Amino acid sequence: MTRHESREQAFALMFEKIFSPDLTPQEIIESKAGLSEFTRNDFTETLFTVACEHLEEIDRLIRENLVNWSFDRLTKVSVAVMRIAICEMRYLDDIPQSVSINEAVEIAKKYSGEEDAAFVNGVLGSVAKKAGVK
């Protein structure tokens, strides 16, 4: 499984977390384990689990970098994509921020469209610049 596919799976898990906030990351992973489109792998699970552990800080960073938008108005796809990307940028040392942002933009294009992708790119670029992430 490629890293892109792993990120896409982590995004899908995070999307599920938005709709099932009371479930633990492990419960969400286990609920997907038997599905043919889900392949368990360490990178996906680490990315999703670490993002869940830091949701409060990640969401704060998103909120601080919104211009003329409120967090509640964001699409669920945008929120899930940005949570995963910010997790990579802040907590996984071996991934350049440009890769995290580009991957997030590609996932946003696939699941939401060009407008959301451009929005995600702008917010993540701002997060990277202001938060001093690598």
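None of the values given here were measured: they were computed from a predicted structure.

Novice: Which parts of the structure should I look at to understand the pattern of salt bridges?
Specialist: Taken as a whole, this structure holds 12 salt bridges when the rule is applied. With a shortest N-O distance of 3.6 Å, Asp 94 and Arg 3 are connected by a salt bridge. Residue Asp 94 is found in the loop between helix H5 (76-91) and helix H6 (97-111), and its partner Arg 3 is found in helix H1 (residues 3-19); the two are separated by 91 residues along the sequence. The class of Asp 94 is exposed, set by a relative accessible area of 55%. Here Asp 59 makes a salt bridge to Arg 83, at a shortest N to O gap of 2.7 Å. Of this pair, Asp 59 sits in helix H4 (residues 55-64) while Arg 83 is found in helix H5, placing the two residues 24 residues apart along the sequence. Comparing Asp 59 with Arg 83 shows no difference in burial state: the two are buried. Several salt bridges share partner residues, and in doing so they unite Glu 57, Arg 60, Glu 64 and Arg 90 into one network.

Novice: Help me understand the environment of Pro 25, please; the structure alone is not making it clear to me.
Specialist: Topologically, Pro 25 is positioned in helix H2 (residues 25-32). When the C-alpha positions of Pro 25 and Phe 48 are compared, they lie 7.3 Å apart, and in sequence the two are 23 residues distant. For Pro 25, the contacting residues outside a window of four places in its chain are Phe 48, Thr 49 and Cys 52.

Novice: Is there a simple way to think about the packing of aromatic side chains in this case?
Specialist: Each aromatic ring pair is specified by the distance between its two centres and by the angle formed by the two planes. Considering all chains together, one arrives at 4 aromatic pairs under this definition. With a centroid separation of 5.0 Å and 40° between ring planes, the pair formed by Phe 11 and Tyr 111 is classed as tilted. With Phe 11 in helix H1 and Tyr 111 in helix H6, the pair connects residues that are 100 residues apart, well separated along the chain. Among the aromatic residues, ring-to-ring pairing joins Phe 11, Phe 15, Phe 19 and Tyr 111 into one connected group. Looking at Arg 3, its charged tip hangs above the ring of Phe 43, at a distance of 4.1 Å from the centre. Its end group placed over the ring of Trp 69, Arg 73 keeps NZ or CZ at 4.1 Å from the ring centre.

Calculation notes
- Residues numbered from 1 in each chain as written.
- Predicted model: local features only at pLDDT ≥ 70, side-chain atom pairs only at ≥ 80, totals over all residues.
- Heavy atoms only, no water.
- Salt bridge = Lys/Arg side-chain N within 4 Å of Asp/Glu carboxyl O.
- Helix = DSSP H or I, 4+ residues; strand = E, 2+ residues; numbered from the N terminus.
- Buried < 20%, exposed > 50% of the residue type's maximum accessible area, 1.4 Å probe, protein only.
- Contact = heavy atoms within 4.5 Å.
- Phe/Tyr/Trp six-rings, centres within 6.5 Å; stacked < 30°, edge-to-face > 60°.
- Lys NZ or Arg CZ within 6 Å of the ring centre and 35° of its normal.

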